[in-house]
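Here is what each chain is made of, one letter per residue.
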Amino acid sequence: MSRPARGRFITLEGGEGAGKSTQARLLAAALAARGLPVLRTREPGGSPGAEAIRGLLLGQAVARWDSVAECMLHFAARREHVQASIRPALEAGIWVVCDRFADSTYAYQCHGQGVPRAVFQALSEVALEGLRPDLTLVLDLPVERGLGRATARGDTNRYEALGAGFHAKVREAFLAIAAAEPERCALVDASQPLEAVTAALLRALNARLPA
Ligand code: TYD
């Protein structure tokens, strides 16, 4: 029997309250409607080992970790997630829609928390062994709006507590990534109504990864 064509790897990125989880669900449904097998997943987490690390990263005091150690924990979770879930799915021909991936570590840990880029690059090489998203959808939203939405939902993880200055740096980083890698990334204005954001994401998807 011939092997199935490799699945495609799609990531959603952006700051707090940008609506990534809802849009990931809608995107996965749109792909399924194209008749494609889809795995929807998230980071930190997405596999049993990575979900255990998520508990360490999101709970308790803001200053819990040394920032490089924290970056290593994100990559430990990611390696586990890639090995246990993402790579096997792609190899089986399944399309993977992932809510956050390595760009979040670059934005939050490097730009936000000051981890050197060289650390990020070294850990990326070890953890990902060359795996790269086929398409990254970057949802952009003014910081105050995003934090307002996250607070209204009752989200209280360590990162949301870091304040508007931190989240402004995170937003800048995502915009810089989208500008630096236009062939991989599509930037979408997430301040539009939900349906308009979904439509923009589907336009980007259909243009970059046609049926
Ligand atoms: P989550 O509750 O999943 O929030 P969101 O809906 O905003 O994705 O929490 C994930 C948090 O972890 C979020 O605040 C961003 C942060 N994070 C990092 O700091 N680095 C990373 O590499 C990842 C994947 C997430």
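The following paragraphs examine the structure supplied in this document. No experiment lies behind these values; they were computed from the predicted model shown.

**Observations regarding the layout of surface pockets**
Here the largest pocket defines a volume of roughly 550 Å³. Where the lining of the largest pocket is concerned, the elements lending two or more residues are helix H1 (20-33), helix H2 (48-58), helix H3 (67-91) and helix H4 (102-112). A total of four residues in the lining of the largest pocket trace back to one element, the largest contributor, which is H4. For the lining of the largest pocket, the class distribution of residues is five nonpolar, eleven polar and eleven charged. Estimates place the volume of the second largest pocket at around 470 Å³.

**Some thoughts on the nonpolar core**
In this structure, Phe-9, Ile-86, Phe-101, Tyr-108, Leu-128, Leu-131 and Phe-174 are the most contacted members of the largest nonpolar core, which totals 36 residues. Put simply, the parts of the chain that give this core at least two residues each are H2, H3, strand S3 (95-99), H4, helix H5 (117-128) and helix H7 (164-180). Excluding residues that lie within four positions of it along the chain, Leu-131 makes contacts with Arg-6, Phe-9, Val-82, Ile-86, Arg-87, Leu-90 and Phe-101. Core analysis: the second largest hydrophobic core is formed by 21 residues, Val-97, Ala-186, Val-188 and Leu-201 among them.

**Describing the site of the ligand**
What surrounds the ligand is a group of 16 residues, the closest being Glu-16, Arg-100, Thr-105, Tyr-108 and Gln-109. Glu-16 has a polar side-chain atom sitting 2.7 Å from an oxygen atom of the ligand. Separating an oxygen atom of the ligand from a side-chain N or O atom of Asn-157 is a distance of 3.2 Å. Protein burial of the ligand: of its 540 Å² of free accessible surface, 93% is covered by the chains. Among the cavities detected, the one that contains the ligand is the largest pocket. For the shell around the ligand, the leading source of residues is H4, giving four residues.

**Re the sheet that holds strand S5 (residues 185-189)**
Overall, parallel pairing links the five strands, which are arranged S2-S3-S1-S4-S5 in an open sheet. If you trace the sheet from one side to the other, it starts and ends with strand S2 (38-42) and S5, each paired once. Here the strands of the sheet are splayed against their neighbours by 20 degrees on average, with no regard to which way each runs.

**Digging into the packing of aromatic side chains**
This structure, assessed with the given rule, holds six aromatic pairs. Residues Tyr-108 and Phe-174 carry aromatic rings whose centres are separated by 6.4 Å and whose planes lie at 70 degrees to one another, so their mutual orientation is edge-to-face. Here Tyr-108, found in helix H4, pairs with Phe-174, found in helix H7; they are 66 residues apart in sequence, far enough to count as distant. Among the residues examined, Phe-174 registers a relative accessible area of 3% and is labelled buried. Members of the aromatic cluster, each reached through a chain of ring pairs, are Tyr-108, Tyr-159, Phe-166 and Phe-174.

Definitions and limits used
- Residues numbered from 1 in each chain as written.
- Predicted model: local features only at pLDDT ≥ 70, side-chain atom pairs only at ≥ 80, totals over all residues.
- Heavy atoms only, no water.
- 1 Å grid on protein atoms, 1.4 Å probe; cavity = no way out; pocket = protein on both sides within 12 Å on 5 of 7 lines; lining within 4 Å.
- Points joined across faces, edges and corners; volume = space filled by probe spheres on them.
- Helix = DSSP H or I, 4+ residues; strand = E, 2+ residues; numbered from the N terminus.
- Nonpolar A, V, L, I, M, F, W, Y, C, P; charged D, E, K, R; others polar.
- Core = buried A, V, L, I, M, F, W, Y, C linked by side-chain atoms within 4.5 Å.
- Buried < 20%, exposed > 50% of the residue type's maximum accessible area, 1.4 Å probe, protein only.
- Contact = heavy atoms within 4.5 Å.
- Near = heavy atom within 4 Å.
- Polar contact = N/O pair within 3.5 Å; in protein donor to acceptor, adjacent residues only side chain to side chain.
- Areas by Shrake-Rupley, 256 points an atom, 1.4 Å probe, with all protein chains shown as cover.
- Sits in = over half its atoms within 2 Å of the grid points.
- Pairing = 2+ DSSP bridges.
- Axes fitted to C-alpha atoms, helices over the stretch in contact; angles between N-to-C directions.
- Phe/Tyr/Trp six-rings, centres within 6.5 Å; stacked < 30°, edge-to-face > 60°.

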